[in-house]
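Residue-level listing of the chains:
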Amino acid sequence: GTTHRCAQNLAFPNGICLSADGRRLFVAETHLHRIHEYALNANGLCAAGRIHTELPHEGEGPDGMALDIEGNLYVAAYGMGKILIVDRWGHITDEIELPGKTPTNVAFGGRGRKKLFITETETNSVYVVKIGIAGLPLYGEL
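Residues numbered from 1 in each chain as written. Predicted model: local features only at pLDDT ≥ 70, side-chain atom pairs only at ≥ 80, totals over all residues. Heavy atoms only, no water.

1. Notes on the nonpolar core
As a rule of thumb, nonpolar side chains are buried together in soluble globular proteins.
1) Next: Of all hydrophobic cores here, the largest spans 14 residues; its most connected members are F26, I35, M65, L73 and V75.
2) Next: Those elements giving two or more residues to this core turn out to be β2 (24-29), β5 (61-67), β6 (73-78) and β7 (82-86).
3) Next: If you tally residues by element for this core, the top one is β6, at 3 residues.
4) Next: If sequence neighbours within four positions are ignored, F26 has contacts with G15, I16, C17, S19, I35, H36, E37, H52, M65, L67 and L73.
5) Next: Listed in part, the 13 residues of the second largest apolar core include L98, F108, L116 and I133. (Core = buried A, V, L, I, M, F, W, Y, C linked by side-chain atoms within 4.5 Å. Buried < 20%, exposed > 50% of the residue type's maximum accessible area, 1.4 Å probe, protein only. Helix = DSSP H or I, 4+ residues; strand = E, 2+ residues; numbered from the N terminus. Contact = heavy atoms within 4.5 Å.)

So, in C-alpha cells, the structure goes:
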C-alpha cells in the first residue's frame, strides 16, 4: 500500500483509536496533554482535524485509549494514576483512580465487553474494572 501522513509536528503522538463508524480518528498528544480528533474521508484518509480534549497538565500526559459504545474515551493518564473518562464533546466526566501512577493502556473485554483492562507500569500490574457500559471491540463487528 501507500503511506499517507495524517498529521505532523505533534509532541509525542501516542495512543490511537477509531470511532465505531470508522469516520473519526483519535490521537493522544502526550507531551501537550491533549487528544486530537481527525475526520476521515471515504478513502480512510485524514481530512479536518481539531483538538478534542485538553487534559490537566499533570504527569506526562495521555497514553493508550479505548472507546465505549456511546463514544466516551477512556484515557490512560500516564503519571496521574488515573483513567480519565471523556465524553463525545471532549469534557472529562469521570475518572478511575489506580494504585500506581503510570497507566499505559486500556482495552474492553469480558462478557459484553463491560470490563476495562488496564496496564500500569509503576506496580507492574494489569487491573480490571467493571464498567456499566460496553466498550467497542478492538477489531471486527459489534
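Let us keep going from here.
2. Some remarks on a nonpolar patch on the surface
1) Next: On the surface, F117, V126 and V128 cluster together into a nonpolar patch covering about 270 Å² of accessible area.
2) Next: Within the secondary structure, V126 sits in strand β11 (residues 125-130).
3) Next: Residue V126 is classed as exposed on the basis of its relative accessible area, which comes to 58%. (Patch = residues over 30% accessible without salt bridge, like charges linked within 9 Å, V, L, I, M, F, W, Y side chains within 5 Å. Areas by Shrake-Rupley, 256 points an atom, 1.4 Å probe, with all protein chains shown as cover. Salt bridge = Lys/Arg side-chain N within 4 Å of Asp/Glu carboxyl O.)

3. Overview of the sheet that holds strand β9 (residues 103-109)
1) Next: Here 3 strands make up an open sheet; going across it, the order is β9-β10-β11 and the pairing antiparallel. A single partner strand is all that each edge strand has here, and the edge strands are β9 and β11. Across the sheet, the axes of successive neighbouring strands diverge by a mean angle of 25°, strand direction being ignored.
2) Next: In this structure, strand β10 (residues 115-120) lies alongside β11, joined through 6 bridges in antiparallel fashion. Paired with K115 across the strands is K130, a residue of β11. (Pairing = 2+ DSSP bridges. Axes fitted to C-alpha atoms, helices over the stretch in contact; angles between N-to-C directions.)

4. A word on the state of the cysteines
1) Next: A full pass over the atoms with the stated rule returns 1 disulfide.
2) Next: Paired through a disulfide, C6 and C46 show a sulfur-sulfur distance of 1.6 Å. Taking the sign of the S-S torsion, -80° for the link of C6 and C46, the bridge is left-handed. Within this pair, whereas C6 is found in the segment before β1 (13-18), its partner C46 is found in strand β4 (residues 46-54), the two being separated by 40 residues in sequence.
3) Next: C6 supplies the cysteine sulfur nearest to C17, a cysteine that is in no disulfide, at a spacing of 13 Å. (Disulfide = S-S within 2.5 Å.)

5. Here we look at unusual backbone geometry
1) Next: Located in the positive-phi region is R113, a residue other than glycine, with phi close to 55°.
2) Next: With respect to the secondary-structure elements, R113 resides in the loop between β9 and β10.
3) Next: Owing to a relative accessible area of 24%, R113 belongs among the partly exposed residues under this scheme.
4) Next: Phi at N124 takes a positive value of approximately 50°, unusual for a residue other than glycine.
5) Next: One can find N124 in the loop between β10 and β11.

So, to be careful, I would describe these as geometric facts and stop short of saying anything about function.
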